[in-house]
Amino acid sequence: MAAPLRIDILTLFPDLFEPVLGSSITGRARQAGLVEWFVEDIRRYADNKHNKVDDRPFGGGPGMVMMCQPLWDCVQDVESRDERPATRILLTPQGEPLRQSTVEELASEPRLLLIAGHYEGIDERVIEKLNPREISVGDYVLSGGEIPALALVDAVVRLQPGALGHADSAVEDSFSQRGPDAERLLDCPHYTRPRVWQDLEVPDILLSGDHQRVADWRLEQMKTRTRARRPDLLQETEDQHEHPADT
Ligand code: 9D3
């Protein structure tokens, strides 16, 4: 059996992770031996008696900047705990926007090391030395990198073979039966009993029992919704990610 994916998470808020990751699909994936994670408190590596890990920015301005030394020492120590080299990832608003193709790449690595920043930022020199992949989860402002790190771990773990229960993998199967087209499309609407609720009826075609017509209808709904809500997904190419058009 393959060694489990190892994820190390470096943070100033270590208590945030276990309650979220221990639940649901990630928790079950760990119990099944598909993944293991270790949360390290960067503050443990402060070398001063006040456990200070941040300082005022050179050049002035508001906020505090995370110092180089505690983060550097934390990375060195954590990396020494396993001989496999880690893919280093810094969660930062300056990073590349996370998308499913990135998640797929990361899910195939043996070991990930995630750094969640807090404060206004991290001293650029330690970022330069660590040379991590820099990833953002979107163009809005959060208070820190912890929630982005949780999102990334969840997205990566559910792609580990065997992580989705039988029900979920059945859903995946029917999804892939829609063909490669479906992978970049938004989902179709879903309905369950009762057939009529507050005067609203379930589309007749879903009650027809004709599986081919149901599949065709669902794919058509997916395309229509994607065109209406996320037209950007319909023309997504590698080139556009590297050179986003401004129109
Ligand atoms: C309001 C402060 N901003 C300066 C004008 C800079 C800033 C620093 C630190 C903004 C946010 C943060 C904390 N966020 C993250 O570390 C973060 C993040 C995010 O805020 N949005 C989307 N993805 C990410 S990944 C890490």
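Refer to the preceding data block for the structure.
This report concerns the structure included in the present document. Note that the structure is predicted; figures quoted are calculated from it, not measured.

## Observations concerning the overall build of the protein chain
Phase 1 of the analysis: On a plain count of helices and strands, the protein chain comes out with 10 helices and 10 strands.
Phase 2 of the analysis: Looking at the 247 residues of the protein chain, the share that counts as buried comes to 34%.
Phase 3 of the analysis: Pairs at least 24 apart in sequence give 76% of the contacts found in the protein chain among residues at least 6 apart.

## Things to note about the site of the ligand
Phase 1 of the analysis: The immediate surroundings of the ligand are formed by 16 residues, with Glu-120, Val-137, Gly-138, Tyr-140 and Leu-142 found nearest.
Phase 2 of the analysis: In this structure, a nitrogen atom belonging to the ligand sits 3.4 Å away from a side-chain N or O atom of Ser-136.
Phase 3 of the analysis: A distance of 2.8 Å separates a nitrogen atom of the ligand from a polar backbone atom of Tyr-140.
Phase 4 of the analysis: Within the complex, 72% of the 570 Å² of free accessible area of the ligand lies under protein.

## Side note on the sheet that holds strand S2 (residues 35-41)
Phase 1 of the analysis: Spatially, five strands are ordered S2-S1-S6-S5-S8 in an open sheet, and the strand pairing comes out parallel. In this open sheet, the two strands that pair with only one neighbour each are S2 and strand S8 (133-136). Strand-to-strand twist of the sheet, defined as the mean angle between neighbouring strand axes without regard to direction, takes the value 30°.
Phase 2 of the analysis: As judged from the seven bridges shared by strand S1 (residues 5-11) and S2, these two strands associate in the parallel manner. Along S2, the bridge assignment pairs Arg-6 with Glu-36.
Phase 3 of the analysis: This element, helix H3 (residues 68-79), spans S1, S2, strand S5 (87-97) and strand S6 (111-116) of the sheet and lies at about 160° to S6.

## Some words on the side chain of Asp-54
Phase 1 of the analysis: Here Asp-54 shows up in strand S3 (residues 54-55).
Phase 2 of the analysis: One buried charge, Asp-54, has no salt-bridge partner; the nearest side chain with opposite charge is Lys-52, at 4.8 Å.
Phase 3 of the analysis: Setting aside anything within four residues of it in sequence, one finds Asp-54 in contact with Met-64, Val-65, Met-66, Met-67 and Tyr-119.

## Comments concerning the environment of Pro-110
Phase 1 of the analysis: Take Pro-110: it is sitting in the loop between helix H4 (100-107) and S6.
Phase 2 of the analysis: Note on Pro-110: relative accessible area 38%, which makes it partly exposed.
Phase 3 of the analysis: Measuring from C-alpha to C-alpha, the distance between Pro-110 and Pro-85 comes to 8.4 Å, with 25 residues separating the pair along the chain.
Phase 4 of the analysis: Setting aside chain neighbours within four positions, we find Pro-110 in contact with Pro-4, Leu-5, Arg-6 and Arg-84.

## Some thoughts on the sheet that holds strand S4 (residues 65-66)
Phase 1 of the analysis: Read across the open sheet, the three strands follow the order S3-S4-S7; overall the sheet is mixed. Edge positions in the open sheet fall to S3 and strand S7 (121-122), since each of these has one partner strand only.
Phase 2 of the analysis: When S3 meets S4, the two strands line up antiparallel, connected through two bridges. The residue of S4 that forms the bridge with Asp-55 is Val-65.

## Notes on the environment of Val-103
Phase 1 of the analysis: Inspection of the secondary structure puts Val-103 in helix H4.
Phase 2 of the analysis: In this structure, the C-alpha to C-alpha distance between Val-103 and Leu-152, residues 49 residues apart in sequence, is 7.4 Å.
Phase 3 of the analysis: Ignoring anything within four residues of it in the chain, the contact list for Val-103 reads Leu-98, Ala-155, Val-156 and Leu-159.

## A word on the nonpolar core
Phase 1 of the analysis: If you look at the biggest cluster of nonpolar residues, it comprises 25 residues, and the most contacted ones within it are Ile-7, Ile-89, Leu-112, Leu-114 and Val-156.
Phase 2 of the analysis: Breaking this core down by element, the ones donating at least two residues are S1, helix H1 (17-21), S2, S5, H4, S6 and helix H6 (146-157).
Phase 3 of the analysis: Broken down by element, this core gets its largest block of residues, seven residues, from H6.
Phase 4 of the analysis: Sequence-distant contacts of Val-156, defined by excluding residues within four places in its chain, comprise Leu-5, Val-103, Leu-106, Ala-107 and Leu-112.
Phase 5 of the analysis: Core analysis: the next-biggest nonpolar cluster, separate from the first, contains 19 residues, Leu-71, Ala-86, Leu-90 and Leu-130 among them.

## Notes on the layout of surface pockets
Phase 1 of the analysis: Estimated volume of the second largest pocket: approximately 580 Å³.
Phase 2 of the analysis: Broken down by secondary-structure element, the contributors of at least two residues to the lining of the second largest pocket are S5, S7, helix H5 (124-130) and S8.
Phase 3 of the analysis: Top contributing element to the lining of the second largest pocket by residue count: S5, with five residues.
Phase 4 of the analysis: For the lining of the second largest pocket, the residue count by class is 12 nonpolar, 10 polar and four charged.

## A short note on unusual backbone geometry
Phase 1 of the analysis: Following Arg-193, the chain continues to Pro-194 via a peptide bond in cis, the omega torsion being 5°.
Phase 2 of the analysis: Phi angles above zero are rare outside glycine, and Asp-199 is one such case at about 70°.
Phase 3 of the analysis: Residue position: Asp-199 is located in the loop between strand S9 (196-197) and strand S10 (200-201).

Thresholds applied
- Residues numbered from 1 in each chain as written.
- Predicted model: local features only at pLDDT ≥ 70, side-chain atom pairs only at ≥ 80, totals over all residues.
- Heavy atoms only, no water.
- Helix = DSSP H or I, 4+ residues; strand = E, 2+ residues; numbered from the N terminus.
- Buried < 20%, exposed > 50% of the residue type's maximum accessible area, 1.4 Å probe, protein only.
- Contact = heavy atoms within 4.5 Å.
- Near = heavy atom within 4 Å.
- Polar contact = N/O pair within 3.5 Å; in protein donor to acceptor, adjacent residues only side chain to side chain.
- Areas by Shrake-Rupley, 256 points an atom, 1.4 Å probe, with all protein chains shown as cover.
- Pairing = 2+ DSSP bridges.
- Axes fitted to C-alpha atoms, helices over the stretch in contact; angles between N-to-C directions.
- Lys, Arg positive; Asp, Glu negative; His and termini not counted.
- Salt bridge = Lys/Arg side-chain N within 4 Å of Asp/Glu carboxyl O.
- Core = buried A, V, L, I, M, F, W, Y, C linked by side-chain atoms within 4.5 Å.
- 1 Å grid on protein atoms, 1.4 Å probe; cavity = no way out; pocket = protein on both sides within 12 Å on 5 of 7 lines; lining within 4 Å.
- Points joined across faces, edges and corners; volume = space filled by probe spheres on them.
- Nonpolar A, V, L, I, M, F, W, Y, C, P; charged D, E, K, R; others polar.

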